[in-house]
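Coordinate analysis (summary)
Below, each chain spelled out in residue letters.
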Amino acid sequence: MKIKEITDALERFAPLPLQDDFDNSGLQVGTTQAEASGALLCLDVTLDVVREAIAKGCNLIVSHHPLLFHPLKNVTETDFNGRIVMEAVRNGITLYACHTNLDNAAGGVNARIAGILGLSGCSPLEDRGNGNGSGLIGEFSKDISEQEMLEMVRDRFKTGCLRHNGTLGRPVRRVALCGGAGAFLIDRAISAGADAFITGEVSYHRYFGHDGQIKLIEAGHFETEQYTVSLIHDILSKSCPDLKIVETGCRTNPVNYFI
């Protein structure tokens, strides 16, 4: 199987035109014409991840976050991204990213998050048609308390801590969400009648002005998107059943918590 057959399968599920304008999903480094020896799946590409792929005989790394998000001015040993690119090229490893196209695809990253939380009746917050779009909104089968909501998010996403905007003062049933940096959807979640909005990152000033409107829960960028790896695994195992698929054993979250 050529690497192109694998990337084609990913793009059938999450077409590249679904990515946001600022993004750089797709082929990052290398060739898609080589025979695939295996695919290593990760959230972020680091030097340790590349070395893991080498050790495990995988010449394709599929990540959620693009390594090359901003243009490189040089590729040298002194640059973080440069070292990774050089190691991949030296060892014939192709890097491919499924980022906001997988976020926005029907059944994509946000659907996986909604499933982990047990939400049903989900639809995109910003609909692009055919079930594609940014964020999701759905409902629990019954009302739950704010405390139960916080405990659920903490436990199911294995986060070291949560940030939130204080007490809403009423039960939670209708929940909006967006993995990663989803604060741009807060107003849309309020307009859609969500009791709570869960995302990975919310800047300080975005917390103001929503008292009594919506429960904001910030659970961590890595934490909300960590299940993307298993999502990609599921896509490839169905489309490419003979492919060797390895989920990374490297924890790439750069954020640590002191509690």
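Notes on the structure in this doc start here. (Residues numbered from 1 in each chain as written. Predicted model: local features only at pLDDT ≥ 70, side-chain atom pairs only at ≥ 80, totals over all residues. Heavy atoms only, no water.)

What follows concerns the overall build of the chain. When helices and strands are counted, the chain shows 9 helices and 11 strands. Seen along its three principal axes, the alpha-carbon backbone of the chain occupies a region of about 55 × 40 × 30 Å. For the chain, the proportion of its 259 residues judged to be buried stands at 51%. Taking the contacts inside the chain whose residues are at least 6 apart along the sequence as the reference set, 66% of them involve residues at least 24 apart. Of the accessible surface of the chain, which amounts to about 12,000 Å², a share of 51% is contributed by carbon and sulfur atoms. Of note, the chain has its 24 positive side-chain charges centred 2 Å away from the centre of its 32 negative side-chain charges. (Helix = DSSP H or I, 4+ residues; strand = E, 2+ residues; numbered from the N terminus. Buried < 20%, exposed > 50% of the residue type's maximum accessible area, 1.4 Å probe, protein only. Contact = heavy atoms within 4.5 Å. Areas by Shrake-Rupley, 256 points an atom, 1.4 Å probe, with all protein chains shown as cover. Lys, Arg positive; Asp, Glu negative; His and termini not counted. Charge placed at Lys NZ, Arg CZ, Asp CG, Glu CD.)

Counting through the fold element by element, Asp20 comes out in the loop between helix H1 (3-13) and strand E1 (26-29). Within the local environment of Asp20, its side chain forms a polar contact with the side chain of Arg128, the two groups lying 2.7 Å apart. The residues touching Asp20, leaving out its near neighbours within four places in the chain, are Thr100, Asn104 and Arg128. (Polar contact = N/O pair within 3.5 Å; in protein donor to acceptor, adjacent residues only side chain to side chain.)

Overall, the relative accessible area of 16% leaves Asp20 in the buried class. A sequence separation of 79 residues divides Asp20 from His99, and the C-alpha atoms of the two residues are 9.1 Å apart.

With that out of the way, let us pick up the nonpolar core. Within the largest apolar cluster, 44 residues are counted, with the highest numbers of intra-cluster contacts made by Leu117, Met149 and Leu236. By residue number, the principal contributor to this core is helix H9 (residues 228-239), which donates 5 residues. Not counting chain neighbours up to four residues away, the residues in contact with Leu117 comprise Phe140, Met152, Val153, Arg156, Phe157, Leu177 and Ile198. By size, the runner-up hydrophobic cluster in this structure holds 18 residues, among which are Cys42, Val45, Ile61 and Ile84. (Core = buried A, V, L, I, M, F, W, Y, C linked by side-chain atoms within 4.5 Å.)

Turning next to the side chain of Thr46. If you trace the backbone, Thr46 turns up in the loop between strand E2 (39-42) and helix H2 (47-55). For Thr46, a relative accessible area of 17% gives the class buried. For Thr46, the contacting residues outside a window of four places in its chain are Ile84 and Thr252.

Turning next to the sheet that holds E1. A sheet is described by the order of its strands in space; here 5 strands give the open sequence E1-E4-E3-E2-E11, paired in mixed fashion. If you trace the sheet from one side to the other, it starts and ends with E1 and strand E11 (245-247), each paired once. On average, each strand axis in the sheet is tilted by 25° relative to the strand beside it, whichever way the strands run. Bridging between E1 and strand E4 (residues 94-97) involves 3 bridges; their strand directions are antiparallel. Across the sheet, the residue bridging to Gly26 is Ala97, located in E4. Docked against the sheet, H2 engages E2, strand E3 (60-63) and E11, running at close to 155° with respect to E2. (Pairing = 2+ DSSP bridges. Axes fitted to C-alpha atoms, helices over the stretch in contact; angles between N-to-C directions.)

Our focus in this paragraph is unusual backbone geometry. Of note in this structure, Asn130 is not a glycine but carries a positive phi near 60°. Structurally, Asn130 is set in the loop between strand E5 (120-129) and strand E6 (132-144). Even without being glycine, Lys158 reaches a positive phi, approximately 50°. Along the polypeptide, Lys158 turns up in the loop between helix H6 (146-156) and strand E7 (163-164). Assessed through its relative accessible area of 59%, Lys158 is described here as exposed.

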